[in-house]
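A structural walkthrough
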2 protein chains.
Amino acid sequence: MDNQLSVGRPTILDVARVAGVSHATVSRYLNKRAYVSEQAATAIDQAIREVNYVPSRTARSLVNRQTRAVAFVVRESPTLFFTDPNLSKMAIGANAALSAQNYQMLFMIIDSEQSAARITELIGGGFVDGVILVAMSLNDPAAQAIANTPTPAVTASVPLPDSLVPHVDTDNAGGIETLTRLLHESGFHTIAHLGGPEHEPAAILRHAGYKKALGPAYDPALVDFANQWELEAGRASMRRLLAAGPEIDAVIASSDLLATGALDVLAEQGRRVPEDVSVSGFDDSDWALRAHPPLTTVHQDSYRIGEELAEVVLRQIDGEDLQGFGRIIPNEVVWRESSGPRSDAS
Amino acid sequence: MDNQLSVGRPTILDVARVAGVSHATVSRYLNKRAYVSEQAATAIDQAIREVNYVPSRTARSLVNRQTRAVAFVVRESPTLFFTDPNLSKMAIGANAALSAQNYQMLFMIIDSEQSAARITELIGGGFVDGVILVAMSLNDPAAQAIANTPTPAVTASVPLPDSLVPHVDTDNAGGIETLTRLLHESGFHTIAHLGGPEHEPAAILRHAGYKKALGPAYDPALVDFANQWELEAGRASMRRLLAAGPEIDAVIASSDLLATGALDVLAEQGRRVPEDVSVSGFDDSDWALRAHPPLTTVHQDSYRIGEELAEVVLRQIDGEDLQGFGRIIPNEVVWRESSGPRSDAS
């Protein structure tokens, strides 16, 4: 904290000298990043006590030439970055948590392959101490390249494939499970699922929540997966669902955008919402509020997700090993007109 | 400096040697930052041709250890950063223009005195090659400290006080002048001005536009300045205007937010808008659209302002001296229900 002023304060160089090991070994040991022999560990522990070394974040910042900057990288359209309320709340939550620890958050937008390469290079080159990554698709090579630089990272998503980068995510399965139960309890009995792209982890988890809630009543004929997280894909999926099971009285879509596509098709085909069919989504985005009628959906606490993302990245900067770590944030169902009046039949 | 990387490529050291001047003189000449004698200029031009020296941005990036990053620093509430459409469009425009030149834009939010100090230190320490500064108030010491680091800077505002930092701004005076003329032509004759804080340059310029449009009909009794750019200040100012000149048939407020305060007070006092009094603002922010009735206002091309901000900062990074430079971006009046039907009486 004040080590600029305390000239005589011991550093890890002093620890290394007393322990008779290299500065790099002390650093590895303190940062818990790699193996150090038991002998070296004992010597370092002893030396730390002997020279009265106190590691502090600011001290480490000076030793390691840290920048005290954390990147918040978004792989989304720039417009969405500013208009999607979940994304902006997440960014504001992360900014507040980082700022409180005197870390500067840098928002960066990937808007082209060139910018992806540029950002990967900046982050890999030690421009920042850590990175929070928000990406639409996990199969995106740019996202993976950034997450896999040696810089401490965390993703706002399900786990990245073949990666131990820690992640913070909303409870995808639990949110849809609760929603399915509430609809069932409100008297809907032929509940279809309009899933997201079949191999996307968020879509897989949401479908699992739906399946778990229905238990033995689960019927694969009432499930269809959109091939993209896009409006038109939601429409196509809704058409397939209606063709396969015209008797459905509720549709649980895997996102508000897909649910909006479902509303379009139901309107086309003269089915009233919510009188004939209930429709619900996931995200509680602007799509949910602007839909006609407004959508029942799963609300994420995006500000809190942002704070948790900041915490996970700061803990790694502080030397904790969080490989493979995941934190699931609870969410809640918001009941709106697209599901009609809520009646608890249980 | 650059010999490490560009082995065979001529450098400005070669140019300096051949021209028989110092490296610093060549640099000054190339960067057009300061005076170089005509004799030196001729010798340098000759030497450039002789050694076949080609300045390039990338070469200079290596020479000067540039980061190819430009900060976009916002001194606003974090929430506003994501909800104010002008601010987000400005940021997206700047990001696109910088990205096209392979510069990475870093959004940073000043949310505390500590963050102001942190950002000033990052920017003053060469963390970025340039900075775009968006600040609510020009008297803000944090804004001035950032703008006055040696890093090339530009402000999205009227000129900073006592500073030669270049600026890009909407046409404050011209926008209000046009609006005042249009209202006058539509049959409003007792047009009051609810100005912004009296010593704020934007408020001064907007008031000047109003005064110019009215010419000899200008009446200082119909002018009041809010003491802050805030809703409550707009309400207080509107109350003073009504007390001083109850016969007014139009109010031109210096911002949409102040105009919203005016609407509140007019509603309180039973004056109908637009039947009894026309109300207009400036900014075309969400306040204008969400007002009842929606506000006539001055629309800024914020995306273009963002692009111009990027251009001004890049030109300085490229070595141009733009001290004291200002660029004024035209805007346009958007006529809405708060002014009633538009009738051109001219």
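Predicted model only: the values in this text are computed from it and were never measured. (Residues numbered from 1 in each chain as written. Chains lettered and ligands numbered in written order. Predicted model: local features only at pLDDT ≥ 70, side-chain atom pairs only at ≥ 80, totals over all residues. Heavy atoms only, no water.)

All names here are of chain B. The strand order across the open sheet formed by four strands is β7-β6-β8-β9, and the pairing between neighbours is parallel. The open sheet terminates on both sides in strands that have one partner only, identified here as β7 (223-225) and β9 (278-280). Going from strand to strand, the sheet's axes swing by 15° on average, the running direction of each strand aside. Bridge analysis of strand β8 (residues 250-253) against β9 gives three bridges, and the strand direction is parallel. Residue pairing for β9: Val251 is matched across the bridge by Val279. With respect to the sheet, helix α10 (residues 201-214) is in contact with β6 (191-195), β7 and β8, its orientation differing from that of β6 by roughly 165°. (Pairing = 2+ DSSP bridges. Helix = DSSP H or I, 4+ residues; strand = E, 2+ residues; numbered from the N terminus. Axes fitted to C-alpha atoms, helices over the stretch in contact; angles between N-to-C directions. Contact = heavy atoms within 4.5 Å.)

Counting residues in each nonpolar core, the largest one holds 52 residues, and the members touching the most others are A:Phe72, A:Leu98, A:Ile132, B:Phe72, B:Leu98 and B:Ile132. Beyond its immediate chain neighbours, meaning those up to four positions away, B:Ile132 contacts B:Val70, B:Ala71, B:Phe72, B:Val73, B:Ala94, B:Leu98, B:Val154, B:Leu309, B:Ala310 and B:Val313. Ranked by size, the runner-up nonpolar core spans 44 residues in total, among them A:Leu133, A:Ala147, A:Leu160 and B:Ala116. (Core = buried A, V, L, I, M, F, W, Y, C linked by side-chain atoms within 4.5 Å. Buried < 20%, exposed > 50% of the residue type's maximum accessible area, 1.4 Å probe, protein only.)

With that settled, consider the interface of chain B and chain A. Tallying the contact residues gives 28 residues for chain B and 28 residues for chain A. Overall, the association of chain B and chain A removes approximately 2400 Å² of surface from exposure, summing both partners, and the carbon and sulfur fraction of that is 59%. For the pair chain B and chain A, the interface holds zero salt bridges. Viewed at the interface, chain A and chain B are joined by eleven residue pairs in polar contact (both at pLDDT 80 or more). (Buried area = accessible area lost by both parts, 1.4 Å probe. Salt bridge = Lys/Arg side-chain N within 4 Å of Asp/Glu carboxyl O. Polar contact = N/O pair within 3.5 Å; in protein donor to acceptor, adjacent residues only side chain to side chain.)

The next thing to look at is the pairing of strand β2 (residues 104-109) of chain B. Of all six residues in β2(B), six are buried, a share of seventy percent or more. Residues B:Gln104, B:Leu106 and B:Met108 of β2(B) are buried on one face, and the alternating residues B:Met105, B:Phe107 and B:Ile109, pointing to the opposite face, are buried as well.

Attention now moves to the pattern of salt bridges. Residue and element names in this part refer to chain B. Tallied over the entire structure, the rule returns 30 salt bridges over all chains. Taking the shortest distance from any N to any O, the salt bridge between Arg240 and Asp224 comes out at 2.8 Å. Here Arg240 is found in helix α11 (residues 231-244), whereas its partner Asp224 is found in strand β7, with 16 residues between them in sequence. Assessed through its relative accessible area of 37%, Arg240 is described here as partly exposed. Of the charged contacts in the structure, one is a salt bridge between Glu308 and Arg327, with a shortest N-O distance of 2.3 Å. Here the residue Glu308 occupies a position in helix α14 (residues 302-317), and Arg327 occupies one in strand β11 (residues 326-329), the gap between them amounting to 19 residues. Since its relative accessible area comes to 10%, Glu308 is described here as buried.

Moving on, we come to the confidence of the model for chain A. Residues and elements named next belong to chain A. Averaged over all residues, the pLDDT of chain A equals 86, while 88% of them reach at least 70. This model gives residues 1-7 a pLDDT under 50, and the stretch forms eight contacts once residues within four places in sequence are excluded. Low pLDDT, under 50, characterises residues 56-63; the predicted model gives this stretch 24 contacts beyond four residues in sequence or across chains. (pLDDT = per-residue confidence, 0-100.)

Bringing the environment of B:Arg68 into the picture now. All names here are of chain B. If you trace the backbone, Arg68 turns up in the loop between α4 (57-63) and β1 (69-75). What makes Arg68 buried here is its relative accessible area of 16%. Separated by 30 residues in sequence, Arg68 and Leu98 have C-alpha atoms that sit 9.4 Å apart. Within polar-contact distance, the side chain of Arg68 engages the backbone oxygen of Asn102 at 3.2 Å.

This part is about the relation of the copies chain B and chain A. Least-squares fitting of chain B to chain A yields an RMSD of 1.0 Å, with the superposition described by an axial translation of 0.4 Å and a rotation of 180°. One copy is carried onto the other by what is essentially a two-fold rotation axis. Of the interface residues in chain B, 100% have counterparts in chain A that sit at the interface too, so the contact is made through matching surfaces. (Least-squares fit on C-alpha atoms with pLDDT ≥ 70 in both.)

All names here are of chain B. For Glu337, the location among the structural elements is in the segment after β12 (332-334). A C-alpha to C-alpha distance of 6.5 Å links Glu337 and Leu295, two positions 42 residues apart in sequence. Not counting residues within four places of it along the chain, the set of residues in contact with Glu337 comprises Pro274, Pro293 and Pro294.

Attention now goes to the packing of helix α6 (residues 85-100) of chain A against helix α14 (residues 302-317) of chain A. Residues and elements named next belong to chain A. It is the contact of α6 with α14, at a shortest axis distance of 6 Å, that shows an interaxial angle of 45°. With respect to α14, the axis of α6 lies oblique. Relative to α14, the crossing made by α6 is right-handed. Taking contact as the criterion, the partners of Asn86, Lys89, Met90, Ile92, Gly93, Ala94, Ala96, Ala97 and Leu98 in α6 are, on α14, Ser302, Tyr303, Ile305, Gly306, Glu307, Leu309, Ala310, Val313 and Leu314. (Parallel < 35°, antiparallel > 145°, perpendicular 65-115°, else oblique. Left-handed = near helix turned anticlockwise from the far one by under 90°.)

Residues and elements named next belong to chain A. Ordered by their spatial adjacency, four strands build an open sheet running β7-β6-β8-β9, and the pairing between neighbours is parallel. Each edge of the open sheet carries a strand with a single partner, namely β7 (223-225) and β9 (278-280). Taken pair by pair, the neighbouring strands of this sheet meet at an average axis angle of 15°, ignoring direction. Lying on the sheet, helix α10 (residues 201-214) is in contact with β6 (191-195), β7 and β8 (250-253); it crosses β6 at an angle near 165°. Each of β6, β8 and β9 touches helix α12 (residues 256-268); the most contacted strand, β9, lies at about 155° to it.

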